[in-house]
Each structure stands twice: as C-alpha cells, then as structure tokens.
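Structure at a glance
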Amino acid sequence: MRILVVEDEVQLADALSEILKRNKYFVDTVYDGIDGLDYALSGVYDCILLDIMLPKMNGLEVLRNLRQQKIKSSVIMLTAKSEIEDKITGLDGGADDYITKPFNTSELLARIRASTRRKGEIIDDNCITFKNLKLMKTSCSLVYNENDIKLSLKEYQIMELLISNPRQILPKERIIEKIWGYESDVEYNNIEVYISFLRKKISTMCSDIQIKTARGIGYSLEEVK
Ligand code: CA
C-alpha cells in the first residue's frame, strides 16, 4: 500500500515516513499543500495523511480539491488540539478520519488500517483472499487449500494489488506508480517478468484462478470459467 504524507513540520513528516516504511508501506512525503495536491491527484495513494495548517495551500483546501476531482484515496487529517472547527469541516469535506497531534504511533497505524480496509475481501490484517486463494502478509506467501508458495517482495506487492482489486483491469502504468513510485522509470517489461513468475506460481497451486492479460492495457485477477 502506498501512503502520502503531507506535513510541513519536517521532523514529524520524516519520523512518520520512517515508521510507515518499517510497517511495510510505501511512502512519499511532501511538505506543502501545493505539492500535496499535485502528488495526491495522481490517485495512486491508498491513504493520505494530511496536515491542516500547511504553507501554500491548507489541508482543507487540498481535501476539497481532491474530492472535487473524484480522488477516492482515504484521507486522515492530522490536526492540532485547537483545530476542532477544522476537524468538523474536514470530516464534512470528505475526510475519512482525523488524528490529533501529538499522536500515538499504534493508534495512527490502526487508523490507517481501518481507513484502508474497505476494498477486496480482506479477512484480517495478515490475509487477503480471492476465492480459495489467500495472500499472507507476514509469511509473504500465497496459500491455496493445503499448498503454499513463497513470493519475492515485488511479487507479493503486485499480487497484493491484483487480489485487492479482483476482476478489475489494473493498467501497467498504475502498477508501476503503486509499486515503484510516482516518478519511477521502470519499464513495462519489468512488470511482465514479475507477472510471468506469478503466473507460474499460481498455476502450480491452483487451476481455477489466473492472471489475465488485457492486451495493451494491463492485468486482472480472474476465476477461470
Ligand atoms: Ca502544519
């Protein structure tokens, strides 16, 4: 999962980014509202941690813009104690949650998990399923009935995208942005290689689920009919 941190207190922003990375999130960090809006409009983020008092454009305005542009990333506002009015405005304006600074790390992580838990068939924080296929986070593996198979980190990350959005075509461009980052220069054939590894692994385990190619666009996880 990819998270955007928009926070102008550099120390706090960098500390947050460190904590999130340690918890296996991909993180981009920006320090003002204009950059925040620019990055967020890419639509690649599962969750955006958005400070309210920001230089150039405040968090509420960033949020308003995002929702107007139909960006569906979940947004958690970072607020100071004195900003109760802003908190209400934020929730009314389409924020999913807010957390008051200074906050506790485990609380923040729990709120991120809760706000991103809406897609796919996520059973618990360690397991995402599609039909009988399970993707396990801590062991970085795929499980099907009695079989399990280890994945490399990149395979895991691509599989996480596919299984969280089953039967939806994921464009290659989107996969690159999500996994290698917004400004990466990774080529399409890198993804093709990982997809072929994943296909082999899936086909050795089960015959009724496959990664389908949408020619010229991308991939989707489907049941074999
Ligand atoms: Ca601030």
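This one's a predicted model, so the numbers in the text were calculated from it and none came from an experiment.

The coordination sphere of the calcium ion contains the protein donors D8 (OD), D51 (OD) and M53 (O), at a distance range of 2.1 to 2.3 Å. Each donor residue of the calcium ion lies on the same chain, and together they follow the pattern D-x42-D-x1-M. By relative accessible area, which is 54% here, M53 ends up exposed.

The next subject is the domain arrangement of the protein chain. Considered domain by domain, the protein chain is made up of domain 1 (2–118) and domain 2 (127–223). Using only C-alpha atoms to locate each centre, domain 1 and domain 2 end up separated by 27 Å. Counting residues at the interface gives 11 residues for domain 1 and 10 residues for domain 2. Between domain 1 and domain 2, a total of about 950 Å² is buried, with carbon and sulfur atoms accounting for 48% of that surface. Counting the surface domain 1 buries against domain 2, the share from its top three residues, R2, F26 and V44, is 47%.

This next bit is on the packing of aromatic side chains. Evaluated as defined, the whole model comprises two aromatic pairs. The interplanar angle of 40° and the centroid separation of 5.9 Å between the aromatic rings of W180 and Y194 together place this pair among those described as tilted. Taken together, the residues span a long stretch of sequence, with W180 in helix α7 (residues 172–180) and Y194 in helix α8 (residues 188–205) at a distance of 14 residues. Judged by centre distance (6.4 Å) and plane angle (85°), the ring pair of Y194 and F197 falls under edge-to-face. One end of the pair, Y194, and the other, F197, are both in helix α8, three residues apart, so they sit about a helical turn from each other.

The next thing to look at is unusual backbone geometry. With an omega of -5°, the peptide bond running from K101 to P102 counts as cis. By the secondary structure assignment, P102 is in the loop between β5 (97–100) and α5 (105–115). A positive phi angle, close to 65°, is found at K70, a residue other than glycine. Among the structural elements, K70 can be located in the loop between α3 (59–68) and β4 (74–79). Overall, K70 belongs to the exposed group, its relative accessible area being 65%. Here the phi dihedral of C140 falls at roughly 50°; this positive angle occurs in a residue that is not glycine. Along the chain, the position of C140 falls in the loop between β8 (133–136) and β9 (141–144). By relative accessible area, C140 is classed as buried at 18%.

In this section: the sheet that holds strand β12 (residues 209–214). One open sheet holds the three strands; their spatial order is β11-β13-β12, and the pairing between them is antiparallel. Looking at the sheet topology across the chains shown, the edges are occupied by β11 (170–171) and β12. The pairing of β12 with strand β13 (residues 218–223) spans six bridges and is classified as antiparallel. Bridge pairing links K212 to S220 in β13. Contacts from helix α6 (residues 153–164) reach β11, β12 and β13, with the element oriented near 60° to β13.

Across a sheet, strands are paired by hydrogen bonds formed along the backbone, either parallel or antiparallel in direction. Pairing is parallel across the open sheet formed by five strands, whose spatial order is β2-β1-β3-β4-β5. Sheet topology places β2 (26–30) and β5 at the edges, where each strand pairs with a single neighbour. Direction aside, the axes of adjacent strands within the sheet are offset by 20° on average. Helix α1 (residues 10–22) rests against β1 (2–6), β2, β3 (47–51) and β4 of the sheet, and its axis sits at about 175° to β2. Sheet strands touched by α3: β3 and β4. Its angle to β4, the strand with the most contacts, is close to 170°.

Rules behind the numbers
- Residues numbered from 1 in each chain as written.
- Predicted model: local features only at pLDDT ≥ 70, side-chain atom pairs only at ≥ 80, totals over all residues.
- Heavy atoms only, no water.
- Donors = N, O, S within 2.8 Å, 3.2 Å for Na, K, Ca; no water.
- Buried < 20%, exposed > 50% of the residue type's maximum accessible area, 1.4 Å probe, protein only.
- Domains from an automatic or database assignment.
- Contact = heavy atoms within 4.5 Å.
- Buried area = accessible area lost by both parts, 1.4 Å probe.
- Phe/Tyr/Trp six-rings, centres within 6.5 Å; stacked < 30°, edge-to-face > 60°.
- Helix = DSSP H or I, 4+ residues; strand = E, 2+ residues; numbered from the N terminus.
- Pairing = 2+ DSSP bridges.
- Axes fitted to C-alpha atoms, helices over the stretch in contact; angles between N-to-C directions.

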